[in-house]
Amino acid sequence: MSHTAAYAVPRSPAGGAVAARATGLSKVYGQGETRVAALDSVSVEFRRAEFTAIMGPSGSGKSTLMHCMAGLDSISSGSARIGDVELGSLGDRQLTRLRRDRVGFVFQAFNLLPTLSALENITLPLDIAGRQADPEWLQRIVTTLGLSGRLAHRPSQLSGGQQQRVAVARALTAKPEIVFADEPTGNLDSRSGAELLGFLRESVQALRQTIVMVTHDPVAASYADRVVFLADGRIVDEIHAPTADAVLDRMKAFDAKGRTN
Amino acid sequence: MFRTALRNLLAHKTRLMMTALAVLLGTAFVSGTLVFSDSVGGAYRDRLSKSLDDVAVSVTTGGPSTDPKEQATALDDAMVKRIAALPGVASVRPSVSGMPMIADRHGDPVGGDWGSDGDNYVPGKDGKDSRYPLVKGRGPAAEGEIALDAKTAAKAGVTLGGTVRLAVDGPVIDKKLVGIVKTDNPRVSAGAGLALFDTATAQKLFGKPGEFTELAVSATPGTDQTALTAKVRATLPKTFEARSGQELAATQAKMIDEQTSSIRKTLLIFAGISLFVGVFIIANTFTMLIAQRTREIALLRAVGASRRQVVRSVLIEAGLLGLIASALGFVLGIGVATGLHPVLNGTGASLPDGPLVITPSAVLSALGVGVVVTVLAAWLPSRKAARIAPVEALASVEAAPAPRSLVLRNSLGAALTALGVGVMLYVTRFKDSGGINYAMAGSALTLAGLIVLAPLLSRPLVRLFGRLAIRLHGVSGKLARENALRNPRRTAATASALMIGLTLITGLTVGAVSADRGMSTMGAPDMTADYKVSSTSYLGLSPEIARTLAGQPGVAAAVPLRSAGFQTDTSPGSVTATDVRALGKVLDVTVTGGSLADVRGTTAVAVSDKFAKEHRLTVGSTLPMAFYDGKKATPRVVAVYKDTDILSSVLAAPALVDPHQEKVRDSQVLVKAAPGKAGDLAEKIKETLGKNPLIKVQSQDDLRRHEAGSIDDILYLMYGLLGMAVVIAVVGVVNTLAMSVFERTREIGMLRAIGLDRREVKRMVRLESVMIAMFGAVLGVGAGVFLAWSTGHLLRSSFPQYEMVVPWGRIAVFLLLALAVGVLAAVWPARRAAKLDTLEAIGAQ
């Protein structure tokens, strides 16, 4: 399988509209001698109502790709779009607004404000935007995530798994075009992790959300519809309908190649 | 452990900066005060030693004698000759001194309240007076001549050859300026004027011809001062006083020390307040640092450090911080000392100039105070560090320490506050200063109680402000409220610092405004005269002035009032002598018994109701009066009048009082204008009296303003001195916010990621700041008003016109200022929060 060549030109969408798209996206840190290309002309599409996992060894650029696509980090060259919005042309305030209105986030940790209740945390992006939550939608998310009895609790009164579910609920509540999740199960035990991934899967299927998840866990990746592999800032492979074993095999192959290189 | 402490100090430089600033400002105030008072004392002493340089013995007439035989002798030429003839005496300088009033360009006295010193110019063998070295011209030698020092001449607007206008106790005298001299007189360097005359003229102006007021004896080299003083004393009549130069210097040095130590004490109280405010900031910082460093400390414990070592490490860190900050503070303090001089002089205190005096004890006290305060403030937090268990090094990141219960603290705070309020309510039952100790204890208890109770009080108040903030600013208001409520101890400690300053400021303001109101109703309500003419010197006015005024067109009545001292059987008293029949034209006297018209001749007096009560007098009783010339009288009481500020407690006809006075002088003349002529009469009176610097003409309004003005001056000085405490409190708010922003870096990053823009982040920090500041301000204003109200009762007997006034306008200004303080304190922390790189903040890279 060839690497960059096959992915340099985005393939025509297999199904549904594109929620976000990177075209020739590069991210360079430093200058001259210390110049490091974290992303090297990456082109990728995230289709609506699809659950994509981004995998790769540390330093492969998977987090950078997510940050650039989510409007958290600037782009050196190329293009990153959410829907029809070109991120490269936006200033800080517009990026902030974009994140607020069209992007959801789930981080590995520090997702919630300890001073706010679970419900207040969930509606925080809407509060910031000065919008009202759609009660039916909110109800549906809360029920789907199994948080009904926990809404008045403070984060410190919730388990790690529950806290991450609140974070997912918050990411979904504003009906964003795309949700980015950065190692959402990284701090969870395997059962809570599996539960959370089940919910993410569910929200793609039942709520038709678009989710992009960065992970290094093959089991987590196996919940996705598609896995995109990154190495050295380039997309090197892709699997559809992955299983944990298939992902693991593919990663072993990269590792072996990395060692022989 | 010392190395750990030092490393920690260096590692947290920026985080400790604000704390260091708080300590620095406090110690700067302390060291500034010390250096300042040492310098002022030094300057006084320096002047003094110069002016007493060659005085071995000083001879003065002493007090008035009651023995008529001794009254005959005076300090005259014969006495000078007798002393000069004594062995060991090099020379005798006979001086005649007094207090002339020199007119400035406007006819007001040079030297303000200090007035001027008058002395005689005593030419030596070379024709010059060594006490007053000439700068220009020559010494005064004839009656029409005068010499001044350069400053006085400048203030009087006279150059050599020009005319100096002055007055001693009568009309204006013109003298030609013939010389400019230098002087070491400390009063003159402090702001008083100086005028020199030839001896005969000085005697005419200040005493009697041929008599001196002081003889300054200088000794031949090798003569013992004490022995010479004894010898001189032996040649003098009993009433005269002979004191050695050393003795004189010691007495005056003691006076100087008393004077400077009272300034020092006052300033140190305010410096102490500033330091106390700083304690909250230091304690807050160390509490936060230790919370942030929990894992580090747990690790130290895990690898074998004992609790004691952990505590010691924290305290050493505090000590080092205190030392560095106070050393810098001392340097700043020297600047403060330099600046205090003009500031205090600007409010009327006249202090001599001189070099800065930096004593080792000042350095040591400032550094000591800085270190001790910092270490003490860090002591409680250090106990918290000791409680950190080694296992916490292994705990997961998320486990924030469960907030400790406030139950104990709240109960203690409630008890203290209740006790304080109780004591203050008890204070309201006092009518005089007898309750002052209770008032101080009660105020301290109330404040301490509020400080302890502040975390509890912060909840409802911050919620209240929060409601407003949310309505105005939505989500950033809500986040700010939650942040302010998150750690009630921290919010409370930060606000307490501000509360202390505002309690004092509000309390003083309420007191001052109320006193002001009291005085304005006081003024001289019973004075029906339009003007009060009085003297700027303590010598009073020549009776001629009242006569001149009475003949002035536009004047309906000019009634002179004289006062004199006397002794009853039991206590000293004061009597006003006046033409009682004319008194009614200028004064509303309420007679409660007898008739004022009967007060005449040498056998009848009236007394005030207060005096009558104190001495059990009624109409018909006799009042034994012993005057200071040794003569006695036993007039009958013929009337009793209601006590008033203008009259003394006894009212008599001049016939009774005048014969016992050395010189008859009016203390004031009350002038009633003819109908419709009151408007420009003040100017006309001054004009008629030759723009005499001795004469002060005050209308009713002037009288009121005079009293109120001095209160305002003091109030503004207090504001200035308390300003430092407020500045330190502001530093505390900045500190807390900056630390909080640092602690909440990841949270802020997350908020930025999910869509809070920079402006809203800034607003969130700013609103938190404003809530903390307003919380402190509301508590402070409330406590200040309450304490001022309860303490005000102590004035009821001595100042019955005092009436509690709540100055809403000023309180509103204070609250607005607190709001501004909140906004200002948040500028830097808010900018830092807004500038946080989102990616770094969420800990991604």
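Residues numbered from 1 in each chain as written. Chains lettered and ligands numbered in written order. Predicted model: local features only at pLDDT ≥ 70, side-chain atom pairs only at ≥ 80, totals over all residues. Heavy atoms only, no water.

## Some details on the interface of chain B and chain A
Item 1. Counting from both sides, the interface comprises 25 residues of chain B and, opposite them, 27 residues of chain A.
Item 2. Approximately 2400 Å² of surface area, both sides summed, lies buried where chain B meets chain A, with 63% of it carried by carbon and sulfur atoms.
Item 3. Three residues, M750, I754 and L839 of chain B, lead the burial of chain B against chain A; their summed loss comes to 24% of the area buried on that side.
Item 4. Taken together, the connections running from chain B to chain A amount to five salt bridges.
Item 5. With its nearest N and O atoms 4.0 Å apart, the salt bridge here joins R93 of chain A to D757 of chain B.
Item 6. Applying the counting criterion to the chain B and chain A interface returns six residue pairs in polar contact (both at pLDDT 80 or more). (Contact = heavy atoms within 4.5 Å. Buried area = accessible area lost by both parts, 1.4 Å probe. Salt bridge = Lys/Arg side-chain N within 4 Å of Asp/Glu carboxyl O. Polar contact = N/O pair within 3.5 Å; in protein donor to acceptor, adjacent residues only side chain to side chain.)

## Overview of the packing of helix α14 (residues 436–473) of chain B against helix α15 (residues 475–486) of chain B
When two helices pack together, their arrangement is given by the angle between their axes and by how far apart the axes lie.
Residues and elements named next belong to chain B.
Item 1. α15 packs onto α14 with a crossing angle of 165° between their chain directions and a minimal axis gap of 7 Å. By the angle between their directions, the pair α14 and α15 is classed as roughly antiparallel. Every pair of crossing elements has a handedness; the one defined by α14 and α15 is right-handed. Of the residues in α15, those in contact with S458, R459, V462, R463, G466, A469, I470 and H473 of α14 are V475, S476, G477, K478, R481, A484 and L485.
Item 2. Residue composition of the contact of α14 with α15, grouped by class: six nonpolar, five polar and four charged. (Axes fitted to C-alpha atoms, helices over the stretch in contact; angles between N-to-C directions. Helix = DSSP H or I, 4+ residues; strand = E, 2+ residues; numbered from the N terminus. Parallel < 35°, antiparallel > 145°, perpendicular 65-115°, else oblique. Left-handed = near helix turned anticlockwise from the far one by under 90°. Nonpolar A, V, L, I, M, F, W, Y, C, P; charged D, E, K, R; others polar.)

## A short note on the packing of aromatic side chains
Item 1. Scanning the entire structure with this criterion turns up ten aromatic pairs over all chains.
Item 2. Ring geometry for F276 of chain B against F280 of chain B: centres 5.5 Å apart, planes inclined by 80°, an arrangement best described as edge-to-face. Placement of the pair is F276 of chain B and F280 of chain B together in helix α9 (residues 245–292), with a separation of four residues, close to one helical turn.
Item 3. Taking relative accessible area as the criterion, F276 of chain B reaches 41% and is therefore assigned partly exposed.
Item 4. Taking the centre distance of 6.3 Å and the plane angle of 90° together, the rings of Y719 of chain B and F814 of chain B count as edge-to-face. Separated by 95 residues along the polypeptide, Y719 of chain B in helix α22 (residues 700–743) and F814 of chain B in helix α25 (residues 808–835) bring together distant segments of the chain.
Item 5. Given the relative accessible area of 18%, Y719 of chain B is considered buried.
Item 6. Put simply, the rings of F105, F107 and F180 of chain A pair up and form one aromatic cluster.
Item 7. Note that K175 of chain A overlies the ring of W137 of chain A, its terminal NZ or CZ placed 5.4 Å from the centroid. (Phe/Tyr/Trp six-rings, centres within 6.5 Å; stacked < 30°, edge-to-face > 60°. Buried < 20%, exposed > 50% of the residue type's maximum accessible area, 1.4 Å probe, protein only. Lys NZ or Arg CZ within 6 Å of the ring centre and 35° of its normal.)

## With respect to the domain arrangement of chain B
Item 1. Along its sequence, chain B is organised into domain 1 (1–54 + 247–255 + 270–398), domain 2 (57–246), domain 3 (455–525 + 701–845) and domain 4 (541–693).
Item 2. Taking only C-alpha atoms, the centre of domain 1 of chain B and the centre of domain 4 of chain B are 59 Å apart. (Domains from an automatic or database assignment.)

## Quick word on the side chain of S514 of chain B
Item 1. Turning to its location among the elements, S514 of chain B is positioned in helix α16 (residues 488–522).
Item 2. The residues contacting S514 of chain B, other than those within four sequence positions of it, are Y802, E803, M804 and V805 of chain B.

## Comments concerning the sheet that holds strand β1 (residues 18–29) of chain A
Residue and element names in this part refer to chain A.
Item 1. Spatially, the four strands line up as an open sheet ordered β2-β1-β4-β5, and their pairing is antiparallel. The sheet is open, and its two borders are formed by β2 (36–47) and β5 (85–86), each paired with just one other strand.
Item 2. Pairing between β1 and strand β4 (residues 77–82): five bridges, direction antiparallel. If you follow S26 over to β4, its bridge partner there is S77.
Item 3. Strands β1, β2 and β4 of the sheet are contacted by helix α2 (residues 62–69), whose axis makes an angle of about 120° with β1. (Pairing = 2+ DSSP bridges.)

## Description of the packing of α14 of chain B against helix α24 (residues 758–792) of chain B
Residue and element names in this part refer to chain B.
Item 1. Orientation of α14 relative to α24, taken along the N-to-C sense of each, is 140°, at an axis distance of 7 Å. Here α24 runs oblique to α14, going by the angle between their axes. For the pair α14 and α24, the sense of crossing is right-handed.
Item 2. Among the residues making up the contact of α14 with α24, the classes are represented as 16 nonpolar, six polar and one charged.

## Quick look at α2 of chain A
Residue and element names in this part refer to chain A.
Item 1. Counting buried positions along α2 gives seven out of eight residues, so the element sits mostly inside the fold.
Item 2. Within α2 the residues assigned to the buried category are K62, T64, L65, M66, H67, C68 and M69.
Item 3. G71 sits one or two positions beyond α2 and adopts a positive phi of about 75°.

## Comments concerning a positive patch on the surface
Item 1. Residues K762, R766, R831 and K835 of chain B make up a contiguous surface patch of positive charge.
Item 2. Of note, R831 of chain B is situated in helix α25. (Patch = residues over 30% accessible without salt bridge, like charges linked within 9 Å, V, L, I, M, F, W, Y side chains within 5 Å. Areas by Shrake-Rupley, 256 points an atom, 1.4 Å probe, with all protein chains shown as cover. Lys, Arg positive; Asp, Glu negative; His and termini not counted. Charge placed at Lys NZ, Arg CZ, Asp CG, Glu CD.)

## Considering helix α1 (residues 2–11) of chain B
Residue and element names in this part refer to chain B.
Item 1. Here α1 has its buried residues at A5, N8 and L9. Around the axis of α1, the buried residues are gathered within 100° of arc, so they sit on the same side. In α1, those exposed residues whose orientation departs by more than 90 degrees from the buried face are R3, R7 and A11. (Arc of directions from axis to C-beta.)

## Overview of the confidence of the model for chain B
Residue and element names in this part refer to chain B.
Item 1. Per-residue confidence for chain B gives a mean pLDDT of 85, with 95% of residues at or over 70.
Item 2. With pLDDT under 50 throughout, residues 68–72 is counted as low confidence; its partners more than four residues away or in other chains account for four contacts.
Item 3. Across the interface, the model reports ipTM at 0.81; the global pTM reads 0.77. (pLDDT = per-residue confidence, 0-100.)

## Some words on the sheet that holds strand β10 (residues 234–240) of chain A
Residues and elements named next belong to chain A.
Item 1. If you walk across this open sheet you meet the six strands as β6-β7-β8-β3-β9-β10, and the pairing is mixed. A single partner strand is all that each edge strand has here, and the edge strands are β6 (103–106) and β10. Strand after strand, the sheet turns through a mean of 20° between neighbouring axes, direction not considered.
Item 2. In terms of strand pairing, strand β3 (residues 51–55) meets strand β8 (residues 211–214) through four bridges, oriented parallel. The residue of β8 that forms the bridge with T52 is V212.
Item 3. Its contacts with the sheet place helix α3 (residues 92–102) against β6 and β7 (178–182), and it is angled at close to 80° to β6.

## Section: the environment of G304 of chain B
Item 1. Tracing the sequence through the fold places G304 of chain B in the loop between α10 (294–302) and α11 (307–346).
Item 2. In this structure the C-alpha to C-alpha distance between G304 of chain B and A337 of chain B, which are 33 residues apart in sequence, comes to 49 Å.

## What about unusual backbone geometry?
Glycine aside, negative phi is the norm for most residues, and most peptide bonds take the trans geometry.
Residue and element names in this part refer to chain A.
Item 1. Positive phi, close to 60°, is recorded for A49, a residue that is not glycine.
Item 2. Within the secondary structure layout, A49 lies in the loop between β2 and β3.
Item 3. Positive phi, normally seen in glycine, also occurs at A241, with a value near 45°.
Item 4. Following the sequence through the fold, A241 ends up in the loop between β10 and α10 (244–260).

## Observations concerning the side chain of Q698 of chain B
Item 1. In this structure, Q698 of chain B sits in strand β22 (residues 695–699).
Item 2. Excluding its chain neighbours within four sequence positions, the residues that come into contact with Q698 of chain B are D530, Y531, K532, S534, L703 and H706 of chain B.

## Looking at the confidence of the model for chain A
Low pLDDT means the predicted coordinates in that region are not meant to be read closely.
Residues and elements named next belong to chain A.
Item 1. Put simply, chain A has an average pLDDT of 84, and 91% of its residues get 70 or more.
Item 2. Model confidence for chain A, summarised as mean pLDDT per element, is weakest for helix α1 (residues 4–8) at 34 and strongest for β8 at 94.
Item 3. Long-range and interchain partners of residues 1–15, a stretch whose pLDDT sits below 50, account for 21 contacts in this model, where long-range means more than four residues apart.

## Focus: the pairing of β2 of chain A
All names here are of chain A.
Item 1. Alignment of β1 against β2, held across eight bridges, turns out to be antiparallel. Each bridged residue has a counterpart across the sheet, and for L25 the counterpart in β2 is V42.
Item 2. Joining the antiparallel neighbours β1 and β2 is a turn of six residues, in which G30 adopts a positive phi near 75°.

## Side note on the pattern of salt bridges
Item 1. In the structure shown here, the tally under the stated rule is 37 salt bridges over all chains.
Item 2. The salt bridge involving R481 of chain B is made with E482 of chain B; its shortest N-O contact spans 2.8 Å. Across the pair, E482 of chain B and R481 of chain B agree in class, each one buried.
Item 3. The salt bridge partner of D658 of chain B is R562 of chain B, with a shortest N-O separation of 2.5 Å. Of this pair, D658 of chain B sits in the loop between α20 (654–657) and β21 (668–673) while R562 of chain B sits in strand β13 (residues 555–567), and the two are 96 residues apart along the sequence. The same class applies to D658 of chain B and to R562 of chain B, which are both buried.
Item 4. In the salt-bridge network here, residues are joined through shared partners; they are R21, E45, R47, E50, R226 and E238 of chain A.

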